[in-house]
Amino acid sequence: MTLTLARGDCYRIPYEGGGTRDYSFAKKAGKKLIFVDGTTLRPVPFDGQTFARMIYDKVAVRQLSSNWLDRIDIHALMDPTLENTPKETRKKIQQAQAKVAEAAMYRFYAVLWDKTSEEDKSRSKDGYNDFIDNKYQAALNAGHFHKPSYSAFRRALERTTPHERELVDLISKRGKHSKWVWDDPWVVLKLQEAVDEFYSEGYSKPADLQDVVVNFLGQAIEEQRARHKRGEKLKYPKRTAVENHIRGQETKERLAKRDPKKAQRIYGGRGEGATAEFPLQRVQVDQSRLDQWVNIYDEDGNVEDRKRPWLVAIIDVYSRSILAAILTFDDPSTYTVQLAIKQMLRPKTFLIERFGTRKGATDASGQPKEVTFDNGVENPGLSMRLLLADAGIDMEVAPIETPQAKAIVERGFQTYNQGLWHSAPGGIPHKPHAVPDRRLKPEEKAQWALDYATGVMWHWIVNVHHLRRNRTLEGIPARLWSEKVNDPMVGRSVSKRLDLVDIICGTRLRLRIDGSGVLHEGHIFHHPKVTEDFLKATLPEEKRRGRGKRGKVVIEAIVYPHDCSHIYVVDHVLNRYVRLPNSKPRFAQGLSWAEAKLIKASDRRLDKHFVDEEDLILAKYEFLKMRDGARAAARAERAILQAKKRAKRAAQDEELVVFTLIEGDHVEMGTIEPTVRGNAPYDVPQEMPVMVRESSLIAHKDQPRNAQKAKETRKTNDLIKELREAAKAPVDMEPIRAVGADRYALPVINDPSAFLDALSADLD
């Protein structure tokens, strides 16, 4: 088991002598982890594997400060060692974490300053330097290796309130507008009185938080008006700031005065069953598999599968009203719990549109003060704990294997099964071991889909559960809820952090964005204006030639497993979250990723039924063969044409050849009718006329038909006439008698010119 700790992480561990102590991580020495005891300020070594097991077994509990999420740079919460983190982002993360470490160092010295008696303090330059030198060894043991200057230490003391040194108030705000510090003596005194009043035993019952806040604000308004008459001003914190300040001052000793049972339950003991005095004071969250089989249909109405869904429920302890109920096929996880929390915080408009107000039966929603979760891996982790703490919600985790700690929500599941699911089609009315004995097959009788089962469930909750008398409470849940919520002295807390809830409940991924948006799981998240504004702010921070593959920028996105309609993109330049919607309206209706995947799979099946994949492959194969054959024929034809052109050019470059007959040549003359294209097998070769031309020039294409042939014929006749005139020698036609024969043999032509003249005279 690997354990990663940051310097300054504080854990609360049971002490041998009784109670608990806080230990702050300083450094790692080999296999040992060096912590600093918050009481003795001495280093204490822990074995790494042993301490990791203590964290896993909830023996070592991480201590978190409240109301710090908005006052700290978001880069301080990120991991600079994450793969593919851009260099500029890593630099911002390291700078933000360095500021937090610096603030922790100043707070360490400031706390020791508050513990020093006034006689030993000196507020001169030498006095501050002497104090820092005396405490430097203790700071080294605590893991603070930097020694501050006297002026920086003095400014740190001035920025914070004595004995109330908050870490976030000491974080450097260089380059940012510093927040207001309540340093007025009157405000400091009244805030301390409010804390003492809230964490006190009280008479009959402790003071309510809202009463304490109203008491403080009333005195502040009177003081402000009195100062206004004197020409003075008073700056005091508002309602939310006072509430967060009072909650942040909680300690084990203070909580023990106000609520001993709660202090025992939170700081090491088990209390009695959950009770509440008004709605949303305490709620319980749990998940359970239903005793009901539900069908999974495709778009054609065919049953593809059957499953038993999970129910995530949140019940109000005071009125037993159902604040949230989620049916899902997904196994228990952090996201299913967060989905129920989001439903609890928002008004249920879908119920009001369907049933109306219904005497307050559709009004169960709001922000609780305390939430009890089951001790399981699916419960909220660090991010959700920070969110609940910042929103003013105390989180309580039930002990392992103790269903009585959340008995109300467990009893709610039993009520669900008995009143609704056991009698429904596909219900399981018996224990699992009794179903085979009775030869029951409830899955074969299932008829409902998940959406229909959800609608039936809310119909039962609104019209039956919320309007039926609860024997334990001796009242109707809707009446108990409405009376207190509509009471001006009680009211209802409404969350103002819904946007932050949506952001933190998502999964962080490293994706890529370009001008076309973000592509993830086959979905494109894009809006022209939003994407353009984001890239304009982001691209100048990226290197010109290092913007990722194909011009894409690597970004950090927040994806919600149960909603594929949008994602959030972290803008590290402007320190904001950018919302990108799904570009396809079909999937922008709040569908989960699993549902969208089923829809796409169904579309693929419909396409497969419409066109057989084998037929499509064969058709494409035939097309490829046809294309390749056409390409081969085109290549062959092109090769023949090129060969003819090369032969024609070669014939044009050759010299004119004049055939001269000599003794012994045999000449045959005949006529052939050539075709127009010259492609018949008996046609005159096209290269022959070229070989006897006197010039290499090509004849014009606009000459009359057979003009070239007639010209060549006239030239031949002229040549014959010249040969006749030139030949004047006599003709010797004495025949040669054959040996042994009494008839004449064929004559032998010795002089062709004389022979031609004699032949011409004979023909005449």
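Residues numbered from 1 in each chain as written. Predicted model: local features only at pLDDT ≥ 70, side-chain atom pairs only at ≥ 80, totals over all residues. Heavy atoms only, no water.

> Could you give an account of unusual backbone geometry, with specific residues and numbers?
Non-glycine residue Lys 58 carries a positive phi angle of around 65°. Summarising the element assignment, Lys 58 is placed in the loop between helix H1 (48–56) and strand E5 (61–62). (Helix = DSSP H or I, 4+ residues; strand = E, 2+ residues; numbered from the N terminus.)

> With reference to specific residues and values, describe the pairing of strand E9 (residues 310–316).
Counting buried positions along E9 gives seven out of seven residues, so the element sits mostly inside the fold. A two-sided burial pattern is seen for E9, the buried positions comprising Trp 310, Val 312, Ile 314 and Asp 316 on one face and Leu 311, Ala 313 and Ile 315 on the other. Examined bridge by bridge, strand E6 (residues 283–289) and E9 share seven bridges and lie antiparallel to one another. Bridged to Val 283 within E9 is Asp 316. Where E9 meets strand E10 (residues 322–328), six bridges bridge the pair, whose relative direction is antiparallel. Note that in E10 the partner of Val 312 across the bridge is Ile 326. (Buried < 20%, exposed > 50% of the residue type's maximum accessible area, 1.4 Å probe, protein only. Pairing = 2+ DSSP bridges.)

> Mind laying out a nonpolar patch on the surface, listing which residues take part and the relevant values?
Side chains of Phe 610, Val 611 and Leu 616 sit close together on the surface and give an oily, nonpolar patch of about 350 Å² of accessible area. Judged by its relative accessible area of 53%, Leu 616 is exposed. (Patch = residues over 30% accessible without salt bridge, like charges linked within 9 Å, V, L, I, M, F, W, Y side chains within 5 Å. Areas by Shrake-Rupley, 256 points an atom, 1.4 Å probe, with all protein chains shown as cover. Salt bridge = Lys/Arg side-chain N within 4 Å of Asp/Glu carboxyl O.)

> Talk me through a negative patch on the surface; I want residue IDs and the actual numbers.
Negative charge collects at one region of the surface, where Asp 330, Asp 331, Asp 451 and Glu 595 lie side by side. Within the secondary structure layout, Asp 451 lies in helix H15 (residues 450–465). You can call Asp 451 exposed: its relative accessible area is 64%. (Lys, Arg positive; Asp, Glu negative; His and termini not counted. Charge placed at Lys NZ, Arg CZ, Asp CG, Glu CD.)

> Can you break down the nonpolar core residue by residue, with the values?
Ranked by size, the top nonpolar core spans 28 residues in total, and within it Leu 311, Ala 325, Leu 327, Tyr 416, Trp 421, Met 457 and Ile 461 carry the most contacts. Of all the elements in the fold, those that place two or more residues in this core are E9, E10, helix H11 (349–355), helix H13 (407–421) and H15. A total of seven residues in this core trace back to one element, the largest contributor, which is H15. Once residues within four sequence positions are removed from consideration, Ala 325 is found in contact with Leu 311, Val 312, Gln 343, Tyr 416, Met 457, Trp 458 and Ile 461. Grouped together as the second largest cluster of nonpolar side chains are 22 residues, Val 36, Tyr 106, Ala 139 and Ala 152 included. (Core = buried A, V, L, I, M, F, W, Y, C linked by side-chain atoms within 4.5 Å. Contact = heavy atoms within 4.5 Å.)

> Requested: an account of the sheet that holds E6, with residues and values cited.
Spatially, five strands are ordered E10-E9-E6-E11-E12 in an open sheet, and the strand pairing comes out mixed. The open sheet has two edge strands with one neighbour each: E10 and strand E12 (394–397). When the angles between neighbouring strand axes are averaged without regard to direction, this sheet yields 20°. Pairing analysis gives four bridges linking strand E11 (residues 370–373) to E12, with the strands arranged parallel. (Axes fitted to C-alpha atoms, helices over the stretch in contact; angles between N-to-C directions.)

> Which residues make up the environment of His 572, and what values go with them?
Relative to the elements of secondary structure, His 572 occurs in the loop between strand E17 (563–571) and strand E18 (576–581). Each C-alpha atom, one on His 572 and one on His 75, is 8.1 Å from the other, the two residues being 497 residues apart in sequence. The residues touching His 572, leaving out its near neighbours within four places in the chain, are His 75, Met 78, Thr 89, Lys 92 and Glu 556.

> Which residues make up the environment of Arg 586, and what values go with them?
In this fold, Arg 586 is placed in the loop between E18 and helix H19 (593–610). Distance from Arg 586 to Ala 596, taken between C-alpha atoms, is 9.1 Å for residues 10 residues apart in sequence.

> Break down the side chain of His 523 for me, citing the residues and quoting the values.
Its place among the elements puts His 523 in strand E15 (residues 523–525). Judged by its relative accessible area of 2%, His 523 falls in the buried class. Only 3.3 Å separates the side chain of His 523 from the side chain of Asn 582, close enough to count as a polar contact. The contact partners of His 523, leaving out residues within four places of it in the chain, are Val 518, Cys 564, Asn 582, Phe 587, Trp 593, Ala 596 and Lys 600. (Polar contact = N/O pair within 3.5 Å; in protein donor to acceptor, adjacent residues only side chain to side chain.)

> Tell me about the sheet that holds strand E1 (residues 10–14), residues and numbers included.
Sheet architecture is open: five strands sit in the order E4-E3-E2-E1-E5, paired in antiparallel fashion. Because the sheet does not close on itself, it has two edges, and the strands there are strand E4 (43–47) and E5. When E1 meets strand E2 (residues 20–29), the two strands line up antiparallel, connected through five bridges. Opposite Tyr 11, over in E2, you have Tyr 23 as the bridge partner. Against the sheet, H1 engages E1, strand E3 (32–37) and E4, with an angle of about 85° to E4.

> Talk me through helix H6 (residues 209–229); I want residue IDs and the actual numbers.
Here H6 spans 31 Å end to end across 21 residues, near enough to the 30 Å set by a 1.5 Å rise per residue. N-cap assignment for H6: the residue whose side-chain oxygen lies 3.0 Å from the backbone N of Gln 210 is Asp 208. Gly 231, located one to two residues past H6, shows a positive phi value of around 80°. (Expected span 1.5 Å × (residues − 1).)

> Describe the packing of helix H5 (residues 185–198) against H6, listing the residues and the values that go with them.
The description of two packed helices rests on the angle between their axes and on the distance between the axes. Where H5 meets H6, the axes come as close as 10 Å, and the angle between the chain directions of the two elements is 160°. With respect to each other, H5 and H6 are oriented roughly antiparallel. The crossing of H5 and H6 is right-handed. Where H5 approaches H6, its residues Trp 186, Val 187, Lys 190, Leu 191, Ala 194, Glu 197 and Phe 198 are matched on the opposing element by Leu 209, Val 212, Asn 215, Phe 216, Gln 219, Ala 220, Glu 223 and Arg 227. In terms of residue class, the contact of H5 with H6 is made up of nine nonpolar, two polar and four charged. (Parallel < 35°, antiparallel > 145°, perpendicular 65-115°, else oblique. Left-handed = near helix turned anticlockwise from the far one by under 90°. Nonpolar A, V, L, I, M, F, W, Y, C, P; charged D, E, K, R; others polar.)

> Which residues make up the packing of helix H2 (residues 87–115) against helix H4 (residues 150–159), and what values do they have?
The interhelical angle for the contact between H2 and H4, taken along N-to-C directions, is 70°, at an axis separation of 10 Å. One element, H2, and the other, H4, form an angle in the roughly perpendicular class. Counted together, Tyr 106, Tyr 109, Ala 110 and Trp 113 of H2 and Ala 152, Phe 153, Ala 156 and Leu 157 of H4 form the full contact between these two elements. Residues that form the contact of H2 with H4 fall into these classes: eight nonpolar, no polar and no charged.

> Lay out the pattern of salt bridges in plain terms, naming residues and giving numbers.
Inspection of the entire model under this criterion finds 17 salt bridges. We note a salt bridge from Glu 118 to Lys 121, for which the minimum N-O separation is 3.5 Å. Residue Arg 227 pairs with Glu 223 through a salt bridge whose shortest N-O separation is 3.0 Å. Highlighted residues: Arg 227 and Glu 223, both in helix H6, separated by four residues, approximately one helical turn. The same class applies to Arg 227 and to Glu 223, which are both buried.

> Describe the pairing of strand E14 (residues 517–520), and please don't skip the residues or the numbers.
The pairing of E14 with E15 spans three bridges and is classified as antiparallel. Note on E15: the bridge partner recorded for His 520 is His 523. A loop of two residues connects E14 with E15, the two strands running antiparallel in sequence, and Glu 521 in this loop sits at a positive phi of about 55°.

> Please give an account of the confidence of the model for the chain that cites residues and values.
When pLDDT is averaged along the chain, the result is 76; 76% of the residues meet or exceed 70. Between residues 543–549, whose pLDDT stays under 50, and residues either more than four places distant or in other chains, the model counts six contacts. Across residues 690–695, confidence stays below pLDDT 50; counting only partners more than four residues off in sequence or on other chains, it has 10 contacts. (pLDDT = per-residue confidence, 0-100.)

> Outline the packing of aromatic side chains, listing residues and values.
Two numbers describe a pair of aromatic rings. These are the distance of the centres and the angle of the planes. Counted according to the given criterion, the structure contains 16 aromatic pairs. Between the aromatic rings of Phe 131 and Phe 153, the centroid separation amounts to 5.7 Å while the plane-to-plane angle is 15°, which identifies the pairing as stacked. Of this pair, Phe 131 sits in helix H3 (residues 125–141) while Phe 153 sits in helix H4, placing them 22 residues apart in sequence. Judged by its relative accessible area of 8%, Phe 131 falls in the buried class. The structure contains a cluster of three or more aromatic residues connected by ring pairs, namely Tyr 11, Tyr 23, Phe 25, Phe 35, Phe 46 and Phe 51. The ring of Tyr 15 is capped by Arg 21, whose NZ or CZ atom sits 3.7 Å from the centre of that ring. (Phe/Tyr/Trp six-rings, centres within 6.5 Å; stacked < 30°, edge-to-face > 60°. Lys NZ or Arg CZ within 6 Å of the ring centre and 35° of its normal.)

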